[in-house]
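Close look at the chain arrangement
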Amino acid sequence: SAEGWYREYEGADPGYQTLCTYYLSCAYAITKDKMLLESLKISANFLSHFIHPDGTIGGLYGSRNTEVFYPAGIVALSGEIEEFALMAKYLEPNGQHLLPQNIDIGNYIPFLNSYALAALKYDEVKENIEKIDDKPFYAKNEEKDFKQTGIYLVSNKNYFAIFNYKKGGTLKVFDKNSGKLDIEDGGLFGTLNDGTKFSTQQFDENITFQNKKIQANFYKMNESSPNPLNFIILRWLALTIFRSVYLGNLFKKFIVNMLMTGKNKLDGSVTREFEFLEDKVIVKEEIAQPKNCKEIKHIGKSKAIHMASSGYFISQNFENNNSKIVEFKNV
């Protein structure tokens, strides 16, 4: 995107983009391609907006919900791109990140390699990182709207808010006085009388943020998970049909559409109006409930779809979703 992000399913995901940066930095080290370097500079500018006050990156506002930081590309390119040096400085691991020993086996090798390469390259770029005197976006008093992916940022003296209006209004807010996470809210979640679960947390490229308002739809949540027979069938396919790259990729697209990007919209909707005041964020909600709705409410940090590389425990400090900054009002 011209905004500086690489598409992950339906939009931007800053956490996963650090992994993408790792791979692209390796490609650049080999090719020294000038067009690739220019692309990485635009990417660095975008990514630098998502340094959090507690030294983390990513969350429900991203298309993949990831909060994993892969440091290799950021560190390796710190000598050539200032925004990456800024990120390397403010995202330096200090107990706040997921580490290789904490991750699942499927992601362990690339994650370990990323940390190993970052360690290998660090001394070469240490001076560039330490001399950076610019401040992250959260340290400024500014607002920024990435319209193509729907991420809106507000930073003032009291809080730093990141809001994805194209994803139903997912919201992440940091208290700048304490430097800690105040709230991460995934939008509205509900249940129908027949037990079907639904939420507003789906990407909709048609949503705009005019007058600080959005109209979000309700979508059924797909909670299907594999059983032993599914596993046996998948293993058999991996040894036979999926030896064809074409057929394997075709099946992958089918699974992605079924579990991640496919949308099953319900009736009803919610109009959400956001007021970013100096010391508070007020979210006014006018809810038109779906038919046969049993309950609907905010449940905090919760994701509506299964997504690889997301859902790990990150030690951000918040308790019981009792926000001091964000107030939800039903109107």
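In this report, we go over the structure that sits alongside the text. Quick caveat: nothing in here was measured; it's all calculated off a predicted structure.

Remarks on the overall build of the protein chain
The helix and strand tally for the protein chain stands at seven helices and twelve strands. Taken against the 2.2 N^0.38 rule, which gives 20 Å for 331 residues, the C-alpha radius of gyration of the protein chain at 21 Å falls within 12% of a compact globule. Considering only C-alpha atoms, the protein chain reaches an extent of 60 × 60 × 35 Å along its principal axes. Taking all 331 residues of the protein chain together, 50% fall into the buried category. Across the protein chain, every contact between residues at least 6 apart in sequence was considered, and the portion connecting residues at least 24 apart equals 67%. Within the structure as shown, the protein chain displays about 16,700 Å² of accessible surface, and the carbon and sulfur contribution to it stands at 50%.

Considerations on the packing of aromatic side chains
The tally for this structure, following the rule as stated, stands at 21 aromatic pairs. Judged by centre distance (6.1 Å) and plane angle (55°), the rings of Phe-137 and Phe-160 are tilted. In this pair, Phe-137 sits in the loop between helix H5 (105–130) and strand E1 (142–146) while Phe-160 sits in strand E3 (residues 159–164), placing the two residues 23 residues apart along the sequence. You'll find Phe-137 and Phe-160 in the same group, each marked buried. Ring plane angle 70° and centroid distance 6.2 Å describe the contact between Phe-209 and Phe-274, whose orientation is recorded as edge-to-face.

Side note on the pairing of strand E9 (residues 265–276)
Where strand E8 (residues 213–220) lies against E9, six bridges are found, and the strand directions are antiparallel. Within E9, the residue paired with Tyr-219 across the bridge is Lys-265. Sheet topology note: the E9/strand E10 (residues 281–288) ladder contains eight bridges and is antiparallel. Residue pairing for E10: Glu-275 is matched across the bridge by Ile-282. If you look at the hairpin formed by E9 and E10, you'll find four residues sitting between the two strands.

Criteria and cut-off values
- Residues numbered from 1 in each chain as written.
- Predicted model: local features only at pLDDT ≥ 70, side-chain atom pairs only at ≥ 80, totals over all residues.
- Heavy atoms only, no water.
- Helix = DSSP H or I, 4+ residues; strand = E, 2+ residues; numbered from the N terminus.
- Rg over C-alpha atoms; globule rule 2.2 N^0.38 Å.
- Buried < 20%, exposed > 50% of the residue type's maximum accessible area, 1.4 Å probe, protein only.
- Contact = heavy atoms within 4.5 Å.
- Areas by Shrake-Rupley, 256 points an atom, 1.4 Å probe, with all protein chains shown as cover.
- Phe/Tyr/Trp six-rings, centres within 6.5 Å; stacked < 30°, edge-to-face > 60°.
- Pairing = 2+ DSSP bridges.

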